[in-house]
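Overview (structure and organization)
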Amino acid sequence: MGVGRSPVLRWHFPSSAAAVGRMRQELDTALSRLDASGDSHDAVLLVANELAANAVEHGDGEVDVRATFSDGSVRIAVSDASPDPPRIRPPSLSALRGRGLRVIDGLATRWSWSADSTGKTVWAEVPTDGGLGGR
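Here goes a summary of the coordinates provided. No experiment lies behind these values; they were computed from the predicted model shown. Position numbers for residues start from 1 in each chain and track the written sequence from start to end. Local features in a predicted model are, by the rule used here, given only for residues with pLDDT of at least 70; side-chain atom pairs are given and counted only at 80 or more, and totals for whole chains, interfaces and linings are based on all residues. Hydrogen atoms and water are omitted, and side-chain values are computed over all heavy atoms in the structure.

For helices the rule is a DSSP run of H or I covering at least 4 residues; for strands it is a run of E covering at least 2, with both sets numbered from the N terminus onward. Residue placement: Arg-110 occurs in strand S4 (residues 110-116). Burial here depends on accessible area, computed with a 1.4 Å probe over protein chains only, as a share of the maximum for the residue type. Under 20% is buried, over 50% is exposed, and the range in between is partly exposed. Overall, the relative accessible area of 46% leaves Arg-110 in the partly exposed class. Along the sequence, Arg-110 and Trp-123 sit 13 residues apart, while their C-alpha atoms lie 8.6 Å from each other. Every residue in contact with Arg-110, bar those within four places of it in the chain, is listed here: Arg-75, Trp-123, Ala-124 and Glu-125. Contact definition: two residues touch when any of their heavy atoms are within 4.5 Å.

With that settled, the discussion passes to the layout of surface pockets. A cavity, in this analysis, means grid points on a 1 Å lattice covering only the protein atoms where a 1.4 Å probe fits yet has no way out; a pocket is instead an open set bounded by protein on both sides within 12 Å along at least five of seven lines, and a residue lines either one if it has an atom within 4 Å of a point. Grid points are joined across faces, edges and corners, and a volume is the space filled by probe spheres set on the points. Its volume calculated, the largest pocket comes out at about 500 Å³. Looking at the lining of the largest pocket, the elements with two or more residues in it are helix H2 (38-58), strand S3 (73-80), helix H3 (100-107) and strand S5 (119-127). By residue class, the composition of the lining of the largest pocket is 10 nonpolar, 4 polar and 10 charged. Amino acid classes used here: Ala, Val, Leu, Ile, Met, Phe, Trp, Tyr, Cys and Pro are nonpolar; Asp, Glu, Lys and Arg are charged; the rest, including Gly, are polar.

Now for the nonpolar core. Side-chain atoms within 4.5 Å are what join buried Ala, Val, Leu, Ile, Met, Phe, Trp, Tyr and Cys residues into a set we call a nonpolar core. Within the largest apolar cluster, 32 residues are counted, with the highest numbers of intra-cluster contacts made by Phe-13, Met-23, Leu-27, Val-65 and Ile-76. Where this core is concerned, the elements lending two or more residues are strand S1 (8-13), helix H1 (17-33), H2, strand S2 (63-70), S3, H3 and S5. At 8 residues, H2 tops the list of elements feeding residues into this core. Other than its neighbours up to four places away in sequence, Leu-27 contacts Leu-9, Trp-11, Val-44, Leu-45, Ala-48, Ala-67 and Phe-69.

By themselves, these observations are geometric and do not establish any function.
Spelled out as structure tokens, the structure:
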């Protein structure tokens, strides 16, 4: 994982909660090196964690994560082998889970997904203070 002029970070890991945790720790370190502000830092980590956790829970096979940094935003893209589209669930006060895409929807400026011959990629763009790209 290297951070250059236009930082792009990549992870490829087996479908496991432990692997999501390691990705989150490495992204946390990278954000610290890029001087992400507190709120931006936390939002990027939360969105990346939710997207990767959804791929582990609902997807198939291994997981690929890509974080692309630019002035004003970070784009997190997570790919898995399942062709099933992501779905925002109806809110339920009694449900212990199922709020991840709602969180992403609230933190990201935009998000979507696309299918391909190997599964799908779900992505989200998270605003930053504008100071992350081009370092």
